[in-house]
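# A structural walkthrough
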Amino acid sequence: MSSPLEKAIKDLNVMFLNYCAEVEQNVHLAVQSFMKTEPKNIQIVMDKDRQIDQLEIAIEEECLRIMAVYQPLAKDLRFIVGILKMNNDLERIGDLAVNIVKKVTVFSDRDIRLSEYGGAFFLPEMIQKSLNMLKKSLDSFTQQDPELAREVCLIDDEVDALKQEMKVLVLNKMKESPEQISTLSSILRNSYHLERISDLSTNIAEDVIYWVDGDIIRHGGFAHSSS
Amino acid sequence: MKAKKLIWQLYPSYLLVIFIALILLVIYSSSAFKTFYLAQTSNDLRARTLLMETQVTPYFKSREFLKLRALISEQGQKTSTRFTMVDLKGEVLVDSDERPEKMDNHAQRPEIVQALSGNWGMATRYSRTLRTRMLYVAKAIQLDNQIVGVMRSSIPINDLDETLNGLMKKTILWGVLISIFSAMVGFFVSRKISQPIQEFAMGADEISTGNFEFQLPVPNTQEFKQLADAFNNMSFQIKDRIQTVLDHVSEKETILSTMIEGVITVDVDGAITTMNQSAKTYFCIESDDVKGRSVGEVVRNTAIQTMIHQALASNELVQEDIALLHPQKLILHGHGMALKNAKQECVGALIVLHDITRIKRLEKMRQNFVANVSHELKTPITLIKGFLETLFRSDFEDKNETEEFLTIIQDHTIRLESIIDDLLSLSKIEQEQENKWIETERDCMNEVIERAIVLCQKKAHQKALNIKFESESGKKVMAKMNVSLMEQAVINLLDNAIKYSSDNAQIDVLLAQSSGENIVSVRDQGCGISQEHIPHLFERFYRVDAARSRELGGTGLGLAIVKHIAESHSGRVSVTSEENKGSQFSIYIPMTHHKEEKNV
Ligand SMILES: Nc1ncnc2c1ncn2[C@@H]1O[C@H](COP(=O)(O)OP(=O)(O)OP(=O)(O)O)[C@@H](O)[C@H]1O
Ligand SMILES: [Mg+2]
């Protein structure tokens, strides 16, 4: 039979996996609603986010409870600390999903399709990359695979570069056609949100490395451990 | 405790038995030998004593002891016997080996005591005089029925001891030889017993490593033979059983892996026990070892998890539609059911997933279609109705206006007619396709294409477009087809190319052959189509830009018709396009298309 601590950690893991799934699905729904201009989904995404917030609180409480009751050591402790951090990052990702989906109104109000913006600059590429990062960071958690987590840290730079290029493009377009400023700015804002999502995914990946390997690679420490 | 070898269990007991037997033998035989020897010797001595008695009695009577001594010495020498004569007091009178003066009183000697009491006296003793072990026999000498002395004769019995010693040594020697021999025998015997046992052990090892082909050699000991037979039979049975089990398993696996439906089974804790290929494809899972991992870990989807929980908790079939947004867009219909064991306890859950994405899309298309048809028909009719009302109200006074209105009405009537024509031809092709029957004949494809070009030439001239036809092979291409349908398809493609090209552009029609197919392609340098529309182009009423297309007199049925024509020839259509550069639409018709093929 497993010890009460093991059982508690297992239950926490199940709870957290469920939370991950909720956040990831909500981000996808938000992004899709934005790209396809589906205003009916705004409310759904926002409601889901409220549930996600509840889950976050529940997970945090559970982590603290386990720490207080069982005083776990070594890897168990790292796992719980890792979950606490990831929990926080995921909650912010959830909030970003709401921010993204809110921009749908801009388009639906004007009855303009995103596609009219020449493929909306690099948005599809950014979406693909940052959602892939989110997926990979969560996969690295479920598979306890620090290698996958390190991959995530590497894609982050690509997304940053894309964001910069996009910014230049969108600003130029704004100068050309000032009447579209509100539409263009929501595209720009969403590219920022996507970039934040990829940053937070990187954080999650770093937490996974911390949990599995026990070394902290944040703030440039990664450069050493990856070489 | 270290296990001893069989030989070390057997050999000591062998030795013990041998030694006990030998010792008993020695003890018995030496005592028997001793008794026998003594009996023989004493009889012999008695005879000599009796012989001597008769000789000595006269000298005794006359008390001529010196003569007596000479006689005795002589006789003693001859028979290597020692003779002694003792008087009643025990004083030695004569002795064949020693001078009597030197000898002590013999009255207390047991043989003398016995002899004096009138019997034969007998004793074995160590003689201090001669320093050997001697056998003594004594008899009283009687003169006139009066005991006057004792006649004693004795011989050394050293021989006996030596013989007995020799016997002992030989026995020990033999004992050692026998124990060496028995060690060898024991070794062979134990080898013979243990060899089949070792073979059994080896056989059991083989079987435990999975070699069920292994058969034990049958030994010729009856007990071992039975055991070996039982063993061989057992391995055969196990092999048989395992084969059955493996067959079942591989059958199950084949069924699961060939199923189009995704199947996931979990145990009560939600850990995956099976997940077939389809299910993995749905969730884009690449890793092979999903067994034992929790569903939440492998499939990050809350709907699936909820479904599994419901299935585990309830006794009824759980059904639900699950819309996946990632890793790919799919709509799945899931059936969930708790798995029970023989005791009706829940041991897990089974989830079967059907991919209903296509069905859902078709459903949506049909809904759209009905809406579209009504919309497409409604618009011209409303317009016609409106203009007619205006006309009636104006009483046809303004001739110009009346004419203008009537022209509009005519335009829309034509439009209505063309929509209905398109719809009719579409449904006709569809029906024919459903009945798997279209009339085909062998004809020249080049001619069909050229006819289509001629028919479109007028429109092309209006926009100053140049239509160029080229056949890759340069030869005439014959194909089995329905000529009028084929012509219609090419016209539709040309019509689009003309409509969506800007003035003075070039349109290429290409006839090519590749991997058993005739390919008719129409390439333009027009506005092109953006990537997201391409999957829907061939749907009915689908138009990239509804307003522009309607302006150009399009209904959105043209490409749907092309697709149906291609399919009714067992062919297919494809499109490649780049925005603002142009598009290329192709129809692929198999070179030999049989009606049977279409039935498949
Ligand atoms: N060669 C082309 N270049 C650019 N766009 C095209 C081309 N062919 C078709 N399309 C796009 O595909 C859509 C569907 O074409 P389709 O032929 O089915 O309908 P249509 O041309 O609008 O009407 P019709 O039924 O009269 O042909 C068109 O609305 C047009 O936007
Ligand atoms: Mg057309």
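Below, the structure is looked at part by part. (Residues numbered from 1 in each chain as written. Chains lettered and ligands numbered in written order. Predicted model: local features only at pLDDT ≥ 70, side-chain atom pairs only at ≥ 80, totals over all residues. Heavy atoms only, no water.)

Turning our eyes to something else, we now look at the sheet that holds strand E6 (residues 262-267) of chain B. Residue and element names in this part refer to chain B. Strand order in the open sheet formed by 5 strands is E7-E6-E10-E9-E8, and the pairing between neighbours is antiparallel. The open sheet has two edge strands, strand E7 (272-275) and strand E8 (318-324), and neither has a second partner. With strand direction ignored, the average angle separating the axes of adjacent strands in the sheet is 20 degrees. Relative to E7, E6 is paired through 3 bridges, and the arrangement is antiparallel. Within the sheet, the bridge partner assigned to Ile264 lies in E7 and is Met275. (Pairing = 2+ DSSP bridges. Helix = DSSP H or I, 4+ residues; strand = E, 2+ residues; numbered from the N terminus. Axes fitted to C-alpha atoms, helices over the stretch in contact; angles between N-to-C directions.)

Looking now at the interface of chain A and chain B. Each partner contributes to the interface: chain A provides 20 residues, whereas chain B provides 14 residues. Approximately 1500 Å² of surface area, both sides summed, lies buried where chain A meets chain B, with 49% of it carried by carbon and sulfur atoms. Three residues, A:Leu17, A:Gln25 and A:Thr142, lead the burial of chain A against chain B; their summed loss comes to 30% of the area buried on that side. Inspection of the chain A/chain B interface yields 2 salt bridges. Listing elements by their share of the side of chain A that touches chain B, those giving two or more residues are helix H1 (4-36) and helix H5 (123-142) of chain A. With 13 residues, the top contributor of residues to the side of chain A that touches chain B is H1(A). When its residues are assigned to classes, the side of chain A that touches chain B shows 5 nonpolar, 8 polar and 7 charged. (Contact = heavy atoms within 4.5 Å. Buried area = accessible area lost by both parts, 1.4 Å probe. Salt bridge = Lys/Arg side-chain N within 4 Å of Asp/Glu carboxyl O. Nonpolar A, V, L, I, M, F, W, Y, C, P; charged D, E, K, R; others polar.)

On to the sheet that holds strand E1 (residues 82-87) of chain B. Strands in a sheet are paired, the pairing made by backbone hydrogen bonds, and the direction either parallel or antiparallel. All names here are of chain B. Taken in spatial order, the 5 strands make up an open sheet running E2-E1-E5-E4-E3, and their pairing is antiparallel. With partners counted over all chains shown, the strands left at the sheet margins are strand E2 (92-95) and strand E3 (121-127), one partner each. The average angle at which neighbouring strand axes cross in this sheet is 25 degrees, direction not considered. In the sheet, E1 pairs with strand E5 (residues 146-156) via 6 bridges, with the strands oriented antiparallel. Bridge pairing in E5 places Met85 opposite Met151.

All names here are of chain B. Here E1 lies mainly inside the structure; 6 of its 6 residues are buried. Looking at chain direction, E1 and E2 are connected through 3 bridges and run antiparallel. Considered in E2, the bridge of Met85 is made with Val94. Between E1 and E2, which follow one another and run antiparallel, lie 4 residues, and Gly90 among them has a positive phi close to 100 degrees. (Buried < 20%, exposed > 50% of the residue type's maximum accessible area, 1.4 Å probe, protein only.)

This part takes up the packing of helix H6 (residues 146-176) of chain A against helix H7 (residues 181-213) of chain A. Residue and element names in this part refer to chain A. With their axes 9 Å apart at the nearest point, H6 and H7 run at an angle of 165 degrees to one another. As judged from the angle between their axes, H6 and H7 are roughly antiparallel. When the axes of H6 and H7 are compared, the crossing they make is left-handed. Its residues assigned to classes, the contact of H6 with H7 comprises 18 nonpolar, 5 polar and 10 charged. (Parallel < 35°, antiparallel > 145°, perpendicular 65-115°, else oblique. Left-handed = near helix turned anticlockwise from the far one by under 90°.)

When we look at a pair of aromatic rings, we describe it by the centre distance and by the angle of the planes. Following the criterion strictly, the structure yields 11 aromatic pairs over all chains and no others. Relative to A:Trp211, the ring of A:Phe79 has its centre 5.1 Å away and its plane inclined at 55 degrees; by these criteria the two rings are tilted. Here A:Trp211 lies in helix H7 and A:Phe79 lies in helix H3 (residues 74-102), a separation of 132 residues in the sequence. The two residues A:Phe79 and A:Trp211 agree in class, both being buried. Three or more aromatic residues joined by ring pairs make a cluster, and in this case those are A:Phe16, A:Tyr19, A:Phe79, A:Phe141 and A:Trp211. Of note, A:Lys163 hangs over the ring of A:Tyr192, and the distance from its end group to the ring centre comes to 5.1 Å. The ring of B:Trp120 has B:Arg46 lying over it, and the distance from NZ or CZ to the ring centre is 5.4 Å. (Phe/Tyr/Trp six-rings, centres within 6.5 Å; stacked < 30°, edge-to-face > 60°. Lys NZ or Arg CZ within 6 Å of the ring centre and 35° of its normal.)

A few words now on the nonpolar core. Residue and element names in this part refer to chain A. Counting residues in each nonpolar core, the largest one holds 62 residues, and the members touching the most others are Phe16, Val27, Phe79, Leu90, Ile93 and Phe141. Residue assignment for this core shows that the elements contributing at least two residues are H1, helix H2 (40-70), H3, H5, H6 and H7. Apart from residues lying up to four places away in sequence, Phe141 is in contact with Asn13, Phe16, Leu17, Phe79, Ile83, Met86, Val208 and Trp211. (Core = buried A, V, L, I, M, F, W, Y, C linked by side-chain atoms within 4.5 Å.)

Looking now at helix H5 (residues 222-258) of chain B. Each full turn of the α-helix corresponds to 3.6 residues, which orients residues three or four apart in the same direction. Residue and element names in this part refer to chain B. The end-to-end C-alpha distance of H5 is 53 Å, a good match for the 54 Å that 37 residues give at a rise of 1.5 Å each. Among all positions of H5, only Phe224, Ala228, Phe231, Asn232, Ser235 and Leu256 are buried. On its buried side, H5 packs onto helix H4 (158-208), E6 and E7. (Expected span 1.5 Å × (residues − 1).)

On to the side chain of A:Ser137. Of note, A:Ser137 is situated in helix H5. For A:Ser137, the residues in contact, after removing those within four places along its chain, are A:Val152, A:Ser201, A:Ile204, A:Ala205 and A:Val208.

Moving on to the pattern of salt bridges. Enumeration over the complete set of coordinates arrives at 41 salt bridges over all chains. For B:Asp321, the salt bridge identified is with B:Lys360, shortest N-O distance 3.5 Å. With B:Asp321 in strand E8 and B:Lys360 in helix H9 (residues 357-394), this pair connects stretches of sequence that are 39 residues apart. Since its relative accessible area comes to 30%, B:Lys360 is described here as partly exposed. Bridged by salt links that share partners, the residues A:Glu24, A:Lys135, A:Asp139 and B:Arg300 form one connected network.

So, about the packing of H1(A) against H5(A). Residues and elements named next belong to chain A. Look at H1 against H5: their axes get within 11 Å of each other, and the N-to-C directions meet at 175 degrees. Our classification of the angle between H1 and H5 gives roughly antiparallel. Two secondary-structure elements touch here, H1 through Asn13, Phe16, Leu17, Cys20, Glu24, Val27, His28, Val31, Phe34 and Met35 and H5 through Leu123, Pro124, Ile127, Leu131, Leu134, Lys135, Leu138, Phe141 and Thr142. Across the contact of H1 with H5, the residue classes break down as 14 nonpolar, 3 polar and 2 charged.

All names here are of chain B. Following His326, the chain continues into Pro327 via a peptide bond in cis, with omega recorded as -5 degrees. Mapping Pro327 onto the fold places it in the loop between E8 and strand E9 (330-340). Not every positive phi belongs to a glycine, and Ser80 is a case in point at roughly 45 degrees. With respect to the secondary-structure elements, Ser80 resides in the loop between helix H2 (65-79) and E1. With a relative accessible area of 58%, Ser80 lands in the exposed category. For Ser515, which is not a glycine, the phi torsion comes out positive at approximately 35 degrees.

Interpretation note: all reported values are geometric properties and have no functional meaning in isolation.
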